[in-house]
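Below, each chain spelled out in residue letters.
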Amino acid sequence: MGLETHFWLSIGLILSSWISARGDEISTAPIFEEHILPILKAHCFDCHGGRKNKHGLDARQRRLLLRGGDTGPAIAPGKAEASLLFRKISAREMPPGSRAKLSAEEIETVRRWIDGGAPTAQEEKPLAGSQGFVTEEDRRFWAFQTVRRPQVPALSAGGCARTPIDAFLLEKLQAQGLNFSPEAERPSLIRRAALDLTGLPPEPEEVEAFIQDLAPGAWERLLDRLLASPHYGERWGRHWLDAAGYADSEGYTDSDMERPHAWKYRDYVIRAFNEDKPYDQFLLEQLAGDELAGYPGCGLNPRNLELLTATGYLRMAADGSTDASQQLLARNQVIADTVKIFTSGVLGLTIGCAQCHDHRYDPISQIDYHRLRAAFEPAYDLASWKPPAARRISLYTEADRKKVAEVNAAVEERQARRQAMEREFIAKVAEGLIQKEVPEAERDAVRAAYQKPADRRAEDEKKLLARYPQLQVSGGTLYQYDPAAVEKLKAADQEIARIAAPKPPEDFIRALTEEPGRTAAPCRLLVRGNPEMPAEEVEPGVPEVLVSAGEPCVFVPENEGRKTSGRRLALARWLARPENPLTARVLVNRVWWHHFGRGLVGTLGDFGTQGEKPAHPELLDWLADEFMKGGWRLKRLHKLIMTSMVYCQASSQRTEAMERDPDNQFYWRKPLVRLEGEAIRDGILAASGRLNRKAGGPPVPVREDAEGRIDVGLDQKAASNLPGAEAPIGAETWRRTIYVQVRRSRPLSFTKTFDVPDVETNCTARQVSIVAPQALTLLNGGFARAQAEFFARRVEKDAAAGGARVDRAFQIALGRLPAPAEREQALAFLRGQAEFLSKAKPPENGKEGAAAEEAAHIALKNFCQALFNTSEFITVD
């Protein structure tokens, strides 16, 4: 083989190798939707993302890049070096200024894509609005995919699964060489179920009845009884009120004005849970109850009243528009907080930052945010704003209004007679003073000046009267001159009060409604979230990532035949669509959280990319699908969870399981759950026997006591603004905590110590802390001490003495009998305390010792308070 042959063979091999490599590169060229769009979104969309399109260039699609802008096409498929886009980014000219430039890897990806022909995954369709902001990679994120029912795992022998829930968890447990713990003992089970479903401990007689019920289905019957209890709605309604941001005051300004009618929404929520209202209907009523009722002109029948009351959900945000100095900002904040309450509580998304700019982490654009906001703006119109008092709906009936008109007419007539009587008395007194105090030469002039209206007196007349200040007689000073006249006037006032008494008091609903027949003003994107900088119009809709690719994210308002915009109604119906990826997932995760102390997704209010991923995604989706298929019924979901082995198992530690799964991620035991502040307070009241189980109605007021703590009671501050004398409110003092006023500036001190959140907007998941003030509150707090006294009296009434009283106290407080060692320790404590107290010298009366009976009582009281301080009392095991 000659030299020339070798040369051409080498050249051929080189070309062949280059062509092969080039072909591989082209065949594996990046895809626009998967590889290029995320780069453009991160670096270019601020200027070329469909809103601004500087120099006419829209970078949201390949076809739009090919069309280009003012300077021509941005790409030349197959020719990266000839493409304006590549030249600009590789020369570091774009993005402009000090903005972060593309990395070398990103530039190379763009080059390979263009040189490979700039391929797309599918044919591109014309975009509307901000569509194109969401990438295929965004859509692949677990939370933005439609719920699909997974196959229930088939388990090997040796498992103890009772329900599909168990099957999903047991599959992973067995892979770790673990299994569920044995079933908890019956006293633990009934206490667990009662606290979970009603927030109240079971009575000893209920525990004993459950222990003795050996017939099949005893557990299911117990759950049915607890779910039918009116206390169920109080317990689970409180959970929802956290997410809704419920408060009995307006907040925003230091005045923190009270909301005298917000409690009707609280009671609506409790009723809805007790009635097992389907969750999709529950959301529909809260978001668009007024539109469903056809308000105004719908009539205030019980059903329409319920629907209007439900919209109180949209009136929970702090509202300073009554007295804020910067009105536009205060109004805008109401809308922003309402959107936050809805999106975090129902959709599990944190989209607040998209009010000012595209979300930094999640595929939520600023236009997406304003699409959602547009659903609420017909009712929350910045330009035609209504302060809270103007948004109330009067509950007066036509008969009420007729009665009011009759009473008002009678009162006005009697008031006119009373005023005439007072004027006559004053004139008589004044004439007497003129005769007595004014020289005769001036009497006619003084009398004439006095009888003139003040605004019609001449200057010389004013000067004349100024010389006789004693003539300035009024109703307030009449008693100094004619006491008999003042008795007569008081009788007239009493008569007026008697006539006004039949006037029916006017009550109101705190609701959100739209101005009837008024065309909704267009919603405009606010530049940097500033209400003083409105930009382009935005149609109502939902975030693009929450609809299927290519589907419209702008919804058609349901306003045909209605007096309202229909926007909120359309939004509410979208929430319940089976293709909605979040509504059911977020709810079942919240229910799981409250039963187990942690969610399948640990961040209840953030299902986005910065939140936690589901620890058991298949179980989450199965529960979400089962919840929807089961009619969105919460009580069915509770029973499904609570009949599982994962719920019924014991909570005790196991050494081998702790070594393999120290955080109990696979649920080899029932997690311990610390009770919330409300449940702790209610449990103490239940144990003491003082709990007032009255349901509903206006909130129990709160006051600041002499120590600066906030407790229940009437607020009667002295003129110095110091706490006034305590005003007893009787049995209202011992109502369940859900009925105590939620004043933003005055959280109840006892529950605040146990992590009840501040109501700034809402709370999707409470924090759980273990801090010294909690122990001190139960040990030294006036509430705990007072209830320990009542608890001791209850025990003394129920049991004779000694061990019987220890047993009874354990049964009431902890739902079980003490172990032998616990009983001996308790008896030793009681004996030691009684002996010490009988020898002590009480400083308050100076007497030596205390009577044996009194000492025994105080010892028992201290023992009862010690039970309040046990971790078992404040924990669901």
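Structure's up top.
Rules used throughout
- Residues numbered from 1 in each chain as written.
- Predicted model: local features only at pLDDT ≥ 70, side-chain atom pairs only at ≥ 80, totals over all residues.
- Heavy atoms only, no water.
- Phe/Tyr/Trp six-rings, centres within 6.5 Å; stacked < 30°, edge-to-face > 60°.
- Helix = DSSP H or I, 4+ residues; strand = E, 2+ residues; numbered from the N terminus.
- Buried < 20%, exposed > 50% of the residue type's maximum accessible area, 1.4 Å probe, protein only.
- Lys NZ or Arg CZ within 6 Å of the ring centre and 35° of its normal.
- Contact = heavy atoms within 4.5 Å.
- Core = buried A, V, L, I, M, F, W, Y, C linked by side-chain atoms within 4.5 Å.
- Expected span 1.5 Å × (residues − 1).
- Polar contact = N/O pair within 3.5 Å; in protein donor to acceptor, adjacent residues only side chain to side chain.
- Axes fitted to C-alpha atoms, helices over the stretch in contact; angles between N-to-C directions.
- Parallel < 35°, antiparallel > 145°, perpendicular 65-115°, else oblique.
- Left-handed = near helix turned anticlockwise from the far one by under 90°.
- Nonpolar A, V, L, I, M, F, W, Y, C, P; charged D, E, K, R; others polar.
- Arc of directions from axis to C-beta.

Enquirer: I'd like a description of the packing of aromatic side chains, backed by residues and values.
Expert: This structure, assessed with the given rule, holds 30 aromatic pairs. Between F32 and W113, the ring centres sit 5.5 Å apart and the planes meet at 35 degrees, which makes this aromatic pair tilted. Taken together, the residues span a long stretch of sequence, with F32 in helix α2 (residues 32-43) and W113 in helix α6 (residues 104-115) at a distance of 81 residues. Measuring from centroid to centroid gives 6.0 Å for F342 and F376, while their planes differ by 70 degrees, and the two rings are edge-to-face. Of the two residues, F342 is situated in helix α16 (residues 327-347) and F376 in helix α17 (residues 366-376); the sequence distance between them amounts to 34 residues. As far as burial versus exposure is concerned, F342 and F376 are alike and both buried. An aromatic cluster is present here, built from Y232, W240, Y265, Y268, F273, Y279, F282, Y313, F627 and W632 joined pairwise through their rings. Between the NZ or CZ atom of R192 and the centre of the ring of Y647, over which it lies, the distance is 5.7 Å. Across from the ring centre of W385, 4.8 Å away, lies the NZ or CZ of R391, which sits over that ring.

Enquirer: So what about the side chain of T751? Which residues, and what values?
Expert: Relative to the elements of secondary structure, T751 occurs in helix α30 (residues 749-753). With sequence-adjacent residues up to four places away left out, T751 is seen in contact with G677, E678, T737 and V756.

Enquirer: Which residues make up the nonpolar core, and what values do they have?
Expert: With 145 residues, the main nonpolar core has W240 and W592 as its most contacted residues. No other element matches α16, which puts eight residues into this core. Setting aside anything within four residues of it in sequence, one finds W592 in contact with I165, L169, G597, R598, G599, L600, L619, L623, I641, V646 and Y667. Ranked by size, the runner-up nonpolar core spans 38 residues in total, among them L200, I680, A792 and V795.

Enquirer: Which residues make up helix α29 (residues 677-688), and what are the values?
Expert: Given 3.6 residues to a turn, an α-helix orients residues that are three or four positions apart in the same direction. Taking 1.5 Å per residue as the helical rise, α29 with its 12 residues ought to reach 16 Å, and the 17 Å between its terminal C-alpha atoms agrees with that figure. When we look at burial in α29, the residues that qualify are G677, E678, A679, I680, R681, D682, G683, I684, L685, A686, A687 and S688. Positive phi shows up at G689, right after α29, with a value of about 85 degrees.

Enquirer: Summarise the side chain of D58; cite the residues concerned and give the values.
Expert: Along the chain, the position of D58 falls in the loop between α3 (45-48) and α4 (62-67). The exposure class of D58 is buried, given its relative accessible area of 5%. A polar side-chain atom of D58 sits 2.9 Å from a polar atom in the side chain of R60. When residues no more than four places from it in sequence are discounted, the contact partners of D58 are H48, G49, G50, N53, L64 and L65.

Enquirer: How would you summarise the environment of R149 if you had to cite specific residues and measurements?
Expert: Mapped onto the secondary structure, R149 falls in the loop between α7 (136-139) and α8 (164-175). Judged by relative accessible area, R149 falls into the partly exposed class, the value being 38%. For R149 and D625, which are 476 residues apart along the polypeptide, the C-alpha to C-alpha distance reads 5.9 Å. In contact with R149, not counting residues within four places along its chain, are W622, D625, E626 and K629. A polar contact is formed between the side chain of R149 and the side chain of D625, at a distance of 2.7 Å. Of note is the side chain of R149, whose polar atom sits 2.7 Å from the side chain of E626.

Enquirer: How would you summarise the packing of α16 against helix α23 (residues 567-575) if you had to cite specific residues and measurements?
Expert: At their nearest, the axes of α16 and α23 sit 13 Å apart, and the two run at 20 degrees to each other. Judged by the inter-axis angle, α16 sits roughly parallel to α23. Our pair here, α16 against α23, has a crossing hand that is right-handed. Of α23, the residues touching α16 (which contributes F342, V346 and L347) are L571, W574 and L575. Within the contact of α16 with α23, the residues separate by chemical class into six nonpolar, no polar and no charged.

Enquirer: Account for helix α10 (residues 204-212), with residues named and values stated.
Expert: Listed in full, the buried residues belonging to α10 are P204, V207 and F210. Viewed along the axis of α10, the buried residues span an arc of 125 degrees, placing them on a single side of the element. Those residues of α10 that are buried lie in contact with α9 (186-198), α11 (218-227) and α33 (803-814).

Enquirer: Which residues make up the packing of helix α20 (residues 440-451) against helix α21 (residues 459-466), and what values go with them?
Expert: The axes of two packed helices give the description: the angle between them and the distance between them. One way to put it is that α20 packs onto α21 with a least axis distance of 9 Å and a crossing angle of 110 degrees. Regarding the angle of α20 to α21, the classification is roughly perpendicular. Residues E442, A445, V446, A449 and Y450 of α20 lie in contact with α21, whose contacting residues are E461, L464 and L465. Looking at side-chain class alone, the contact of α20 with α21 contains six nonpolar, no polar and two charged residues.

Take it as geometry only, folks, not as evidence of what the structure does.
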